Amino acid sequence: MPAVGLVYDPIYLEHDTGHHPENAIRLQAVTGHLEESGLMARLRSVAARDATVDELAYIHESDYIDSVRWAAGRGGVWLDADTFVSPRSYDAALRAAGGGLAAVDAVLAGEVESAFCLVRPPGHHAMPARAMGFCLFNNIAIAVEYARRSHGLRRVAVVDFDVHHGNGTQAAFYADPDVLYFSTHEYPFYPGTGHWREMGQGAGLGTTINVPLPAGTGDGIFAHIWKDLLTPALRRFEPQMLLASAGYDGHFADPLAGMALSCASFGEQVAGLRDLARELCGGRLLLTLEGGYDFTALAWSIGASLEVLLDEQPTPDPLGRRDSPPPVGIDDLLSVIAGTHGLDRV
Ligand SMILES: [Zn+2]
């Protein structure tokens, strides 16, 4: 059985958002499920640490970092229309980012094959100088930079299967040829970015791959995308480590989005990432939690993700699959994306 790390710290519950879809109950639902199912006992705990201000500054401007700390000191400030900072939010966010760094260390030291960071606040919408979409600091982008600067990795791939486009992560690496950013997301939808024509710029042209999908996209289309777009893209890029923005708000039960994915599909997506990581980069795989707002769907989807990382068969979930016909024109869209990126020739 491969060793699978879990990063979790109770401080993540102290980012107090009140009546907000991104709340502490999400993580309590997950840890409760992992305990009840016995999964927790098969995971290796990886202790989170605080990211330093210098590590946050890999991605974020120092004035912005100061402003988040200031907002927490003020005891409750909205940084944008849907992103709240409570008194403990700055400290929780430091440890959410640092949890990713501890996971990078554990994976690259070979202590675990893969690691899942059960953190909040989430990160993939956070921009260099701006909080956005429930996110304060961009946990995954900071982890990518840390893997490169502290461990000497050169090529790192990020797969973002959250239902929203990870605009912050895309922005961090848009001109960088050594970070592949591959995102599936509902489109058009929040935050408005992620058209397939957004492909990177300068030396980074081609290392951003966006797969914008209509509402109602379900399990079968994702299997197709993993096989015909993601697999050739990663084989061509040859990453030295694979990181994933693991958002589960594409589940059909999710209250914020309109996709038709099941918990089983998330298990299949993570199994695909596991297999590609083993084929291409010694199994080195790090997942960090982004969205997912239906507590049952979130808990069982993360359970399925961890089971496949442990090489187990996922336990059937209580929500099942939703039968959804493929959206009109989806095959043409995926063909255009494959052709534009030359993936049909890999
Ligand atoms: Zn999301």
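Please refer to the structure placed before this passage.
The structure reproduced in this document is the subject of the present report. These numbers come from a predicted model, not from an experiment.

### Description of the overall build of the chain
Next up, step 1: Scanning the chain from N- to C-terminus turns up 10 helices and 10 strands.
Next up, step 2: Over its C-alpha atoms the chain spans a radius of gyration of 18 Å, differing by no more than 12% from the 20 Å that the globule rule assigns to 346 residues.
Next up, step 3: Taken over the C-alpha atoms alone, the chain extends approximately 50 × 50 × 40 Å along its principal axes.
Next up, step 4: Taken across its 346 residues, the chain has 61% of its residues classed as buried.
Next up, step 5: Of the contacts made within the chain by residues no fewer than 6 positions apart, 78% connect residues no fewer than 24 positions apart.
Next up, step 6: Taken together, the 24 basic and 43 acidic charged side chains of the chain have centroids lying 5 Å from each other.

### Some words on the coordination of the zinc ion
Six octahedral donors at a metal ideally form angles of 90 or 180 degrees, and four tetrahedral donors ideally form angles of 109.5 degrees.
Next up, step 1: For the zinc ion, the full set of protein donor atoms is D162 (OD), D162 (OD), H164 (ND1) and D249 (OD), at a range of 2.0 to 2.7 Å.
Next up, step 2: Between the 4 donor atoms coordinating the zinc ion, the angles at the centre fall across 53 to 152°, so the site counts as irregular.
Next up, step 3: Donor residues for the zinc ion, ordered by position in the chain, follow D-x1-H-x84-D. Placement of D162 in the loop between β6 (156–160) and α6 (167–172) and of D249 in the loop between β9 (241–246) and α8 (263–281) is noted, with a sequence separation of 87 residues between them. Both residues of the pair, D162 and D249, belong to the buried class.

### Re the sheet that holds strand β5 (residues 114–117)
Next up, step 1: Spatial ordering of the open sheet is given by β2-β1-β5-β10-β9-β6-β7-β8, a layout of 8 strands whose pairing is parallel. Each having just a single partner strand, β2 (44–46) and β8 (208–213) make up the two edges of the open sheet. Averaged over all pairs of adjacent strands, the angle between their axes in this sheet comes to 15°, without regard to strand direction.
Next up, step 2: As paired elements, β6 and β9 share 5 bridges and run parallel to each other. Paired with V156 across the bridge in β9 is M241.
Next up, step 3: Sheet contacts for helix α7 (residues 219–237): β6, β7 (179–186), β8 and β9; angle to β7, the most-contacted strand, approximately 170°.

### Re the nonpolar core
Nonpolar side chains in soluble globular proteins generally cluster together in the buried interior.
Next up, step 1: With 109 residues, the main nonpolar core has F116, F161 and Y248 as its most contacted residues.
Next up, step 2: Per-element accounting of this core gives the leading share, 13 residues, to helix α4 (residues 89–108).
Next up, step 3: For F116, the residues in contact, after removing those within four places along its chain, are G5, L6, V7, A246, Y248, L287, L289, I302 and L306.

### What about helix α3 (residues 62–74)?
Next up, step 1: Taking 1.5 Å per residue as the helical rise, α3 with its 13 residues ought to reach 18 Å, and the 18 Å between its terminal C-alpha atoms agrees with that figure.
Next up, step 2: Taken as a whole, α3 has its buried residues at Y64, I65, V68, A71 and A72. For α3, the angular spread of the buried residues around the axis is 120°, confining them to a single face. Turned more than 90 degrees off the buried face of α3, the exposed positions are D63, G73 and R74.

### Comments concerning the environment of A257
Next up, step 1: Here A257 is to be found in the loop between β9 and α8.
Next up, step 2: Expressed as a C-alpha distance, the spacing of A257 and V163, which sit 94 residues apart in the sequence, is 7.2 Å.
Next up, step 3: Excluding anything up to four places from it in sequence, A257 contacts V163, E186, F189 and D249.

### A word on helix α10 (residues 330–340)
Next up, step 1: Of all the positions in α10, only I330, L333, L334, I337 and A338 are classed as buried. All buried residues of α10 project into a common sector of 135° when viewed along the axis, lining one side.
Next up, step 2: Contact partners of the buried residues in α10: β8 and α7.
Next up, step 3: Just downstream of α10 lies G342, where phi reads positive at about 70°.

### Details of the packing of α8 against helix α9 (residues 295–309)
Next up, step 1: Close contact between α8 and α9 brings their axes to 8 Å; oriented N to C, the two are set at 30°. Relative to α9, α8 is oriented roughly parallel. Note on packing geometry: the crossing formed by α8 with α9 is right-handed. Here α8 contributes C263, F266, G267, V270, A271, R274 and R278 to the contact with α9, which in turn contributes A297, W300, S301, A304, S305, V308 and L309.
Next up, step 2: A class-by-class count of the residues in the contact of α8 with α9 yields 9 nonpolar, 3 polar and 2 charged.

### Some points on the environment of M132
Next up, step 1: In this structure, M132 sits in the loop between β5 and α5 (139–151).
Next up, step 2: Each C-alpha atom of the pair M132 and N167 lies 9.6 Å from the other, and the pair is 35 residues apart in sequence.
Next up, step 3: Beyond its immediate chain neighbours, meaning those up to four positions away, M132 contacts D80, T83, H125, A126, M127, N167, Y190 and P191.

### Points about the side chain of S89
Next up, step 1: Position of S89 among the secondary structure elements: in helix α4.
Next up, step 2: A distance of 2.7 Å separates the side chain of S89 from the backbone nitrogen of S86, its partner in a polar contact.
Next up, step 3: Each residue touching S89, except ones within four places of it in the same chain, is listed here: H15, D16, F84 and L136.

### With respect to the packing of aromatic side chains
Next up, step 1: For the structure on display, the rule yields 9 aromatic pairs.
Next up, step 2: When the ring of F161 is compared with that of Y248, the centres are 5.6 Å apart and the planes differ by 75°; the resulting orientation is edge-to-face. Here F161, found in the loop between β6 and α6, pairs with Y248, found in the loop between β9 and α8; they are 87 residues apart in sequence, far enough to count as distant.
Next up, step 3: Residue F161 is classed as buried on the basis of its relative accessible area of 2%.
Next up, step 4: Considering the side-chain rings of F222 and W226, the 6.1 Å spacing of their centres and the 40° angle between planes classify their relative orientation as tilted. Remark: W226 and F222 occur in helix α7; sequence separation between them is 4 residues, near one turn of the helix. As far as the burial class goes, F222 and W226 line up, both buried.

Rules of the game
Residue numbers restart at each chain and count upward from 1, following the sequence in its written direction. Residues qualify for local features only when their pLDDT is at least 70, as the model is predicted, and side-chain atom pairs are given and counted only at 80 or more; totals for whole chains, interfaces and linings, by contrast, use all residues. Excluding hydrogens and water, the side-chain figures rest on all heavy atoms present in the structure. The helix and strand labels rest on DSSP assignments: H or I over at least four residues marks a helix, E over at least two residues marks a strand, and numbering proceeds from the N terminus. Computation of the radius of gyration draws on C-alpha atoms, with the globule rule given as 2.2 Å multiplied by the number of residues to the power 0.38. Here's how the labels work: a residue is buried when its accessible area is under 20% of the maximum for its type, exposed when over 50%, partly exposed in between, all with a 1.4 Å probe on protein chains only. Any pair of residues with heavy atoms lying within 4.5 Å of one another is described as a contacting pair. In this count, Lys and Arg are taken as positive residues and Asp and Glu as negative ones, while His and the chain termini are left out. Charge coordinates come from a single atom per side chain, which is NZ of Lys, CZ of Arg, CG of Asp or CD of Glu. Metal sites are built from N, O and S donor atoms within 2.8 Å, or 3.2 Å for Na, K and Ca, and they leave out water, so they may look incomplete. Only four donors with every angle between 85 and 135 degrees are called tetrahedral; only four or six donors with opposite donors over 155 degrees apart and all others between 65 and 115 are called square planar or octahedral, in that order; all others are irregular. Only strands that DSSP links by at least two bridges are regarded as paired with each other. Every axis in this analysis is a line fitted to C-alpha atoms, fitted for helices over the stretch in contact. Angles between the N-to-C directions lie between 0 and 180 degrees. Residues belong to a common nonpolar core when they are buried Ala, Val, Leu, Ile, Met, Phe, Trp, Tyr or Cys residues joined through side-chain atoms within 4.5 Å. Expected helix span is given by 1.5 Å per residue-to-residue step, counting one fewer step than there are residues. The directions from the helix axis to the C-beta atoms form the arc being described. Note on terminology: angles under 35 degrees are roughly parallel, angles over 145 are roughly antiparallel, angles of 65 to 115 are roughly perpendicular, and the others are oblique. Note: crossing handedness is left-handed where the near helix turns anticlockwise from the far helix by less than a right angle, and right-handed where it turns clockwise. Ten residue types, Ala, Val, Leu, Ile, Met, Phe, Trp, Tyr, Cys and Pro, are classed as nonpolar, four, Asp, Glu, Lys and Arg, as charged, and the remainder, Gly among them, as polar. Side-chain atoms alone can form a polar contact between residues adjacent in sequence; in general such a contact is a pair of N or O atoms within 3.5 Å, and within protein one must be able to donate a hydrogen while the other accepts it. Aromatic pairing here means that ring centres of Phe, Tyr or Trp (its six-membered ring) are within 6.5 Å. Orientation follows from the plane angle: under 30 degrees is stacked, over 60 is edge-to-face, and everything else is tilted.

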